[in-house]
Amino acid sequence: MVRVPLTEEERSRGERLGVALRAVRGARSMVDVAAEAGISVETLRKIETGRIPTPAFFTVAAIADAVGMPLDVLREACSVDEDAAGAGAGEFSQAS
């Protein structure tokens, strides 16, 4: 099976996802969040750094649950509007 190369937008969206999750994780360790989400620390690290730009939905949902971020807020944080992406994650982390 040949995998179709990702577009620049898909890569960019993956980076925004990682930034949003990292911002909401705050001072919690990667080890704690990964354990609570049921994934490896390396997988969490790769998602947060954008090295896995298109993680599986259930992986993203598990991480969002572990950090207490509703999926609709995460979706807004990953939107194309980068001003909204920064504000969305920042607003959530301040409200927590």
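Residues numbered from 1 in each chain as written. Predicted model: local features only at pLDDT ≥ 70, side-chain atom pairs only at ≥ 80, totals over all residues. Heavy atoms only, no water.

A. Region of the structure containing the confidence of the model for the chain. Per-residue confidence for the chain gives a mean pLDDT of 87; residues scoring 70 or more make up 83%. Across the chain, helix H2 (residues 30-37) holds the top mean pLDDT of 98, while helix H6 (residues 82-95) sits lowest at 48. Within the model, pLDDT remains below 50 along residues 84-88, and this stretch shows seven contacts once partners closer than five positions in the same chain are excluded. (pLDDT = per-residue confidence, 0-100. Helix = DSSP H or I, 4+ residues; strand = E, 2+ residues; numbered from the N terminus. Contact = heavy atoms within 4.5 Å.)

B. Region of the structure containing the pattern of salt bridges. Evaluated as defined, the whole model comprises five salt bridges. The salt bridge involving Glu9 is made with Arg16; its shortest N-O contact spans 2.9 Å. Overall, the relative accessible area of 9% leaves Arg16 in the buried class. One salt bridge connects Glu42 with Arg51, and the closest N-O pair in it is separated by 3.8 Å. Residue Glu42 is classed as partly exposed on the basis of its relative accessible area, which comes to 33%. Each member of the salt-bridge network shares a partner with another, and the members are Glu42, Arg45 and Arg51. (Salt bridge = Lys/Arg side-chain N within 4 Å of Asp/Glu carboxyl O. Buried < 20%, exposed > 50% of the residue type's maximum accessible area, 1.4 Å probe, protein only.)

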